[in-house]
Amino acid sequence: MKNKKRHDRKGFRWQLFRSLIVSPLIVGFIGVFGLGWWWAMIPALLLNGIYWYRYNKKYQITNFSNEIKAMIISLVYYLGIFSLIMIVYRYNYVAMSEYPLIAFAFPYNLSSLIAGAFLMYNLFPWLIIGTFWSGVLGAVYYQSVVGQFPKLGKRQMTWLIGLCLISLLPLYQQFAKNLRYVHTYSDTSSELNLKQFRPFMKKSHLASLGHSTNLRFVSHYPRLDGATAAYPIYSAIAQTLYKGMTAKQAAKIVRVGTTPQAFDRLIHKKADVVFMAQPSTKQLAAAKRADVKLKLTQIGSEAFVFFVNKKNPVNSLSVKQIQSIYQRKTIFWSSVGGRFETILPFQRAENSGSQTAMEKLVMRNHQLAKPLKYQEVDGMGGIIDDVAGYNNRTNALGYSFRFYTTKMKRNKNIKLLKVNGITPNMTTIRHGSYPFIAKIYAISRCHQTKNTQRLIRWVQGRDGQQLIDRTGYVGLR
């Protein structure tokens, strides 16, 4: 019985099991840090080589060819499937993350799980190749110890050269990935040069009336804040109405940040008026908890738009198609007239103006699918860059406001989509034919200062509305 068991341990099936399961288990668990630092693979590969040597010594393996065949099958299987997935997803690690590596490389356990979760694919194929060669070296060392070092004939040399060339495949994969994928993400602080919209600057891009108006402030200036997309509006208002002020002084009175930051400053009495789209449910709840009653005054309208990479053949989506995509019911662009590739639907951070508009204007009573980690973007400009950031990938979808996308954060690699066949522009917004029209508000606390009341009334009046139109938004008149 013992001899039979020893004989089974020498069989090809058992060698295949060792190659496909046991070695990957050893290397995948102990070599997990090798996904970040190549040298961290070395202990795992040494242990794998020792395993093959000690196993061969214990069971006196003499059929070296069976071992090599089993190892080659394992190498071709794991490296082949990894390479195939890379080709199918055009070397895009982000797209690959939706189909976890552990699904086909589960023996590599912890390494395959970490690689899929954190997009650490660069060194994963080297883990597979290292498993193969460390096993070969362990087996060869045993053969040399017992004086049965394999002879290398012409055929064996051809196989050896072929295996060496296959082992260089990750170099090509990295090269191909670098050609196809361009990382153009930007963070919030550098996403846009807002200096051009600051009031009282010498070189300003702000709109102006071209004539005097019947209101001006020389002291007790209302403190203004708001969404990044609305900054050109309230900055132009300040430049028109605030007299005796320098650009340096204005920077303390007219602030710009994100929608959540501006709203927080309003309810904590650090701002008098904020300009933004409709607050989210959580923001309104925060105001209620702070015992702050708000007054929302509509001052204009704006289109909420969707955009894709300019190379994407899709030019229009229906409201139902957009809702289906963001519920993850529609997965492929081919379902909406595009190519056969997965849709990457980016979202904004919770409580941002864009995300609130998405929830209330677009999804309405439909539940947004929770975004994957890489699909949620903090900055308004970030989502535009993310959609445009794949020069050879055209499968991302994003959203924002029309003016910000086309006038403030311009990116030549994206295009706006029609919705229900209607182009988002000032005419379709004014006529109400475009499906997603957001109201822009001047929001203040109910207990307003006298100057705050005067400013909001002026914005609703003829000159204020004219200034909004000249800025590029759509006024109420």
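One structure accompanies this document, and this report is about it.

Criteria and cut-off values
Numbering of residues begins from 1 in every chain and follows the order in which that chain's sequence is written. Where totals are concerned, whole chains, interfaces and linings use all residues; where local detail is concerned, this predicted model gives features only for residues with pLDDT of at least 70, and gives and counts side-chain atom pairs only at 80 or more. Values reported for side chains reflect all heavy atoms of the structure, with hydrogen atoms and water molecules removed beforehand. Strands are runs of DSSP state E lasting at least two residues, helices are runs of H or I lasting at least four, and both sets are numbered from the N terminus onward. A simple rule labels every residue: compare its accessible area, found with a 1.4 Å probe on the protein chains alone, to the largest value its type can have, and call it buried under 20%, exposed over 50%, or partly exposed in between. Contacts: residue pairs with any heavy atoms within 4.5 Å of one another. For every accessible area listed, the method is Shrake-Rupley and the probe measures 1.4 Å; residues are considered covered only by the protein chains on display. Fitted lines through C-alpha atoms give the axes, limited to the stretch in contact for helices. The angle between two N-to-C directions lies from 0 to 180 degrees. For classification purposes, an angle smaller than 35 degrees is called roughly parallel, one larger than 145 roughly antiparallel, one from 65 to 115 roughly perpendicular, and anything else oblique. Crossings are sorted by hand: turned counterclockwise from the far helix by less than a right angle, the near helix makes the crossing left-handed, and turned clockwise it makes it right-handed. Each residue gets one of three labels, nonpolar for Ala, Val, Leu, Ile, Met, Phe, Trp, Tyr, Cys and Pro, charged for Asp, Glu, Lys and Arg, and polar for the others, Gly among them. In this analysis, strands are considered paired if DSSP registers two or more bridges between them. Residues with no salt bridge and a relative accessible area higher than 30% make up the patches, which join like charges within 9 Å and nonpolar side chains (Val, Leu, Ile, Met, Phe, Trp, Tyr) within 5 Å. Salt bridges, as used here, are contacts in which a Lys or Arg side-chain nitrogen is within 4 Å of a carboxyl oxygen on Asp or Glu.

### Here's the deal with the overall build of the chain
Part 1 of the reasoning: Tallying secondary structure elements over the chain gives 20 helices and eleven strands in all.
Part 2 of the reasoning: Out of the 477 residues in the chain, the part that is buried amounts to 52%.
Part 3 of the reasoning: In the chain, once contacts between residues fewer than 6 apart in sequence are set aside, the share between residues at least 24 apart is 77%.
Part 4 of the reasoning: Accessible surface, the chain: about 23500 Å² in total, of which carbon and sulfur atoms supply 58%.

### Looking at the packing of helix α4 (residues 64–88) against helix α8 (residues 154–166)
Think of two packed helices as two axes; the pair is described by the angle between the axes and how far apart they sit.
Part 1 of the reasoning: Close contact between α4 and α8 brings their axes to 12 Å; oriented N to C, the two are set at 30 degrees. With respect to each other, α4 and α8 are oriented roughly parallel. Every pair of crossing elements has a handedness; the one defined by α4 and α8 is left-handed. Of the residues in α8, those touching α4 at I72, L75 and L79 are W159, L163 and I166.
Part 2 of the reasoning: Class assignment of the residues belonging to the contact of α4 with α8 gives a composition of six nonpolar, no polar and no charged.

### What about the pairing of strand β3 (residues 294–309)?
One face of the sheet, then the other: side chains in a regular strand alternate in exactly this way.
Part 1 of the reasoning: Counting buried positions along β3 yields 13 of 16 residues, so the element is predominantly enclosed.
Part 2 of the reasoning: As judged from the nine bridges shared by β3 and strand β11 (residues 437–445), these two strands associate in the antiparallel manner. Residue Q298 lies in a different strand from β11, and its bridge partner there is Y441.
Part 3 of the reasoning: Inspection of the sheet shows β3 paired to strand β9 (residues 414–416) by three bridges, in the antiparallel sense. By the bridge assignment, F307 is partnered in β9 with L416.

### Topic: a nonpolar patch on the surface
Part 1 of the reasoning: The grouping of F33, W37, W38, W39, I42 and L46 at the surface amounts to a nonpolar patch, some 760 Å² of accessible area in total.
Part 2 of the reasoning: On the secondary structure map, F33 appears in the loop between α2 (12–30) and α3 (42–59).
Part 3 of the reasoning: For F33, a relative accessible area of 55% puts it in the exposed group.

Without other data, these values stay purely geometric and don't point to any function.
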